[in-house]
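# Breakdown of the fold
Chain by chain, the residues:
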Amino acid sequence: DKLYSGGKIMNDNIIPAMLSTLPGIIIAVVIVLVLAASMSTLSSLVLTSSSTLTLDVIVPAFKKRGKKIATEKKKIFILRLFIVFFVVEAVGFF
């Protein structure tokens, strides 16, 4: 059996062995659910990273130099730039 080697459970083979007994449609649903969870996690990471850099690094750096990012529109624009940067970075274009 692929689950055991030398009397010990092979942890890396548990999920593939479990999925191999399921019908194809259930395996497809499991794959879609895993991809959806991954996309949600990545989305949260991108938004959190962009917000943190904008509000905790960029805005204070401008204030320290005596410049002020006056409007919320400018902050949102910078935040969106960071979102694009992190998405491109995640896809691997850099």
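As the structure is a prediction and not an experimental result, all values here were calculated from the model. Note on numbering: residues in each chain are counted from 1, in written sequence order. Given that this is a predicted model, residues contribute local features only at a pLDDT of at least 70 and side-chain atom pairs are listed and counted only at 80 or more, while totals for whole chains, interfaces and linings are drawn from all residues. By convention in this description, side-chain values take in all heavy atoms of the structure and omit both hydrogens and water.

A run of DSSP states H or I qualifies as a helix once it reaches four residues; a run of E qualifies as a strand once it reaches two. Both are numbered from the N-terminal end. Counting its regular elements, the protein chain contains three helices and two strands. If you list the helices and strands of the protein chain from N to C, you get β-β-α-α-α. Radius of gyration here is computed from C-alpha atoms only, and the compact-globule reference equals 2.2 Å multiplied by the residue count raised to the power 0.38. In terms of C-alpha radius of gyration, the protein chain reaches 22 Å, well past the compact-globule figure of 12 Å for 94 residues. The principal-axis extents of the C-alpha atoms in the protein chain amount to approximately 70 × 30 × 20 Å.

Attention now moves to helix α2 (residues 24-64). By this rule, a helix spans an expected 1.5 Å times one less than how many residues it contains. Helix length check: α2 (41 residues) gives 59 Å between terminal C-alpha atoms against 60 Å at 1.5 Å per residue, within 8%. Note that the bend at a residue is defined as the angle between axes fitted to the seven residues ending at it and the seven residues starting at it. Along α2, the sharpest kink reaches roughly 30 degrees, centred on Thr54. Of the residues making up α2, those classed as buried are Val46, Ser50, Thr54 and Val59. Check the buried side of α2 and you find it contacts α3 (72-91). Only protein chains enter the calculation, and the probe is 1.4 Å; a residue is then buried if its accessible area is under 20% of its type maximum, exposed if over 50%, and partly exposed in between. Contacts between residues were defined by any pair of non-hydrogen atoms, one from each residue, lying within 4.5 Å.

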